[in-house]
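# Commentary on secondary and tertiary structure
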Amino acid sequence: MALVLKRKNNSDEITAFDDAALIYSSIGDGILEKVFNGMTCSVNSSTKKVTISSGVLLFGGRMVVIESGTTYELDVTSLWSGSLPINIICEMTIAENDEESSVTIYASKTTSETTASPLLPGTHRKKIFQFYPSHVNTAWYPCGFISPGVAKSALNISKDGMIGSVKFTDIFLDNLSGVRYARESDVAAEATGFVGGSINKVEENLYMPNRGVYLLQRLVLVESTESFTIENGKTKEFSFKYASKINLSGMKFIQYVACDGSHNIGFPSTSSSDVYLGIIGSSGELANKYNNLTIKISGSGTSGKVTLSNNSGSNITLSGFKLNTYAYGGK
């Protein structure tokens, strides 16, 4: 067994296989988009002929060339009937003696593509075009195109390829319209359980213009589990729990729900200790009271606070306090 170093002074002969191996492993198969007329396919329904313009197809690292200024024509009259598509197949035969290798292009109702390595001796077939007799103005190019620079800019990663150590299909959707998972994004078209495309467009204030509705927001203003006592005539203040995220400007409030520290809040209320407090007025104060405490909400964001005032005539002790509001709109 000989170990050979090629592409050096006085090396063994550089063969067609050597060149094909380098081209195939670095670029793959496809039509060279900018060479000659790009090997475009056109179909004439009157003459039932397929015409392929000049261009170059890379197949197994070999260059299949329709020379500049010429075309390649196929008569597909015998295949015109029926509902199946017509496939244009490139068939390449690699002989042990490379001088005897050959190539042809023919039409077929079957795909008959081969899976063996096109670098090795044998007959290899690849589908380069496909069209339906009922749609002759549209031809598909399943072999794909290779544009200048794709080898260095990775513009032709196949669907079964890898990006780093991750499968291409684990990142991108099948139709390449987006990604399967994203940590951050400026635009989200769809979400799990919320599919509909443009009809679900959401504006900054959570208004959906294509549905004519707002998204309802549940704001957690206070969520304290510590017990406390408010003396008669005194007040107690709570800062907004998510102060940096809550902006009440422009919001339209639907209702508030309050509870003491021993119950969860429901919507609508599901516990006797969950109290519906009604719609807040422009002053930011509720008309009714919770456990004889007047509740006032003021400010927004980092300055937002909830004030409990006790004017009941006696001290009031709670095992905790939670206050949510349901609203829509805002900024």
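Residue indices begin from 1 for each chain and proceed along its sequence in written order. It should be noted that, the model being predicted, local features are given only for residues of pLDDT at least 70 and side-chain atom pairs only at 80 or more, the latter also being counted only at that level, while totals for whole chains, interfaces and linings use all residues. Hydrogens are left out, water is left out, and the side-chain values use all remaining heavy atoms of the structure.

### Considering the overall build of the protein chain
Note the threshold: A helix here means a DSSP run of H or I that spans at least four residues, while a strand means a run of E at least two residues long, and both kinds are numbered starting from the N terminus. Classification of residues uses two cut-offs on accessible area relative to the type maximum, computed with a 1.4 Å probe and protein chains only: under 20% is buried, over 50% is exposed, and between them is partly exposed. Contacts are residue-level and defined by heavy atoms, with any inter-residue pair within 4.5 Å sufficient. All accessible areas in this document rest on Shrake-Rupley with a 1.4 Å probe, and a residue is counted as covered only by the protein chains that are shown.
Secondary structure assignment for the protein chain yields three helices and 24 strands. The burial tally for the protein chain puts 34% of its 331 residues in the buried class. Once local pairs closer than 6 in sequence are excluded, the contacts in the protein chain between residues at least 24 apart make up 56%. Surface summary for the protein chain: the accessible area is close to 20000 Å², and the carbon and sulfur share equals 49%.

### Thoughts on unusual backbone geometry
Glycine aside, the phi torsion of most residues is negative, and most peptide linkages are trans. We note that Phe36 has phi near 50°; this positive angle belongs to a residue other than glycine. Within the secondary structure, Phe36 sits in the loop between β1 (30–32) and β2 (41–44). Even without being glycine, Lys48 reaches a positive phi, approximately 55°. Relative to the assigned elements, Lys48 resides in the loop between β2 and β3 (49–52).

### With respect to the packing of aromatic side chains
Any aromatic ring pair is given by two values, namely how distant the centres are and how the planes are angled relative to each other. The criterion, for reference: Under the pairing criterion, centres of Phe, Tyr and Trp rings, with the six-membered ring standing for Trp, must be within 6.5 Å; the plane angle then separates stacked pairs below 30 degrees from edge-to-face pairs above 60, leaving the rest tilted. We call a charge positioned above a ring when the Lys NZ or Arg CZ atom is no farther than 6 Å from the ring centre and deviates by at most 35 degrees from the ring normal.
Under the counting rule described, the total for this entry stands at nine aromatic pairs. Over the aromatic face of Phe228 sits the side chain of Lys236, whose NZ or CZ is 5.4 Å from the ring centroid. Note that Lys236 overlies the ring of Phe238, its terminal NZ or CZ placed 5.3 Å from the centroid.

### Regarding the sheet that holds strand β9 (residues 122–132)
In any sheet, the strands associate via hydrogen bonds between backbone groups, in a parallel or an antiparallel arrangement. Put simply, the test is: Strands are labelled as partners when DSSP assigns at least two bridges between them. Only the contacting stretch of a helix is used when fitting its axis, a line to C-alpha atoms as for every element, and angles between N-to-C directions run 0 to 180 degrees.
With respect to topology, four strands assemble into an open sheet ordered β8-β7-β9-β10, the strand pairing being antiparallel. Because the sheet does not close on itself, it has two edges, and the strands there are β8 (102–108) and β10 (135–140). Here the strands of the sheet are splayed against their neighbours by 25° on average, with no regard to which way each runs. Bridging between β9 and β10 involves two bridges; their strand directions are antiparallel. For Tyr132, the partnering residue across the bridge sits in β10 and is His135.

### Looking at the confidence of the model for the protein chain
The condition is simple: How sure the predictor is of each residue is captured by pLDDT, a score from 0 to 100.
When pLDDT is averaged along the protein chain, the result is 82, and 83% of the positions lie at 70 or above. Here strand β20 (residues 275–278) is the element of the protein chain with the lowest mean pLDDT, 57, and strand β6 (residues 72–75) is the one with the highest, 97.

### Some remarks on the sheet that holds β6
The three strands are arranged β2-β3-β6 in an open sheet whose pairing can be described as antiparallel. Unpaired on one side and paired on the other, β2 and β6 mark the two borders of the sheet. With direction set aside, neighbouring strand axes in the sheet form an average angle of 20°.

### Comments concerning the pattern of salt bridges
Let me state the cut-off plainly: Salt bridges are defined as contacts in which a side-chain nitrogen from Lys or Arg sits within 4 Å of a carboxyl oxygen from Asp or Glu.
In the structure shown here, the tally under the stated rule is seven salt bridges. Here Asp98 makes a salt bridge to Arg62, at a shortest N to O gap of 3.1 Å. Of the two residues, Asp98 sits in the loop between β7 (86–94) and β8 while Arg62 sits in strand β5 (residues 62–66), which places them 36 residues apart along the sequence. Judged by relative accessible area, which is 15%, Arg62 ranks as buried. One salt bridge in this structure joins Arg125 and Glu91, with 3.6 Å as the shortest N-O distance. Of this pair, Arg125 sits in strand β9 while Glu91 is found in strand β7, placing the two residues 34 residues apart along the sequence.

### Overview of the pairing of β9
Direction of pairing for β7 relative to β9: antiparallel, over a ladder of nine bridges. What sits directly across from Ile94, in β9, is Gly122. Hairpin connection, β9 to β10: the antiparallel pair is bridged by two residues.

### Concerning a nonpolar patch on the surface
Rules: Patch members must show over 30% relative accessible area and no salt bridge, and they are joined within 9 Å when carrying like charges or within 5 Å when they are nonpolar side chains of Val, Leu, Ile, Met, Phe, Trp or Tyr.
Together, Tyr214, Leu216, Ile254 and Tyr328 line one region of the surface with nonpolar side chains, adding up to about 330 Å² of accessible area. Looking at the element boundaries, Leu216 is found in the loop between β15 (213–214) and β16 (217–224).

### A look at the side chain of Ser309
As for its position among the elements, Ser309 is in strand β22 (residues 305–310). Judged by relative accessible area, Ser309 falls into the buried class, the value being 18%. Setting aside chain neighbours within four positions, we find Ser309 in contact with Lys234, Thr235, Asn292, Leu293 and Thr294.

### Some details on the side chain of Ser224
As for its placement among the helices and strands, Ser224 is situated in strand β16. A residue is classified by how much of its surface remains accessible, and Ser224, at 15% relative accessible area, is buried. Residues in contact with Ser224, not counting those within four places in the same chain, are Phe238, Gly320, Phe321 and Lys322.

### Details of the environment of Cys259
Looking at the element boundaries, Cys259 is found in strand β19 (residues 251–260). Classification of Cys259 by relative accessible area gives buried; the value is 0%. When the C-alpha atoms of Cys259 and Tyr290 are compared, they prove to be 8.5 Å apart, with 31 residues separating the residues in sequence.

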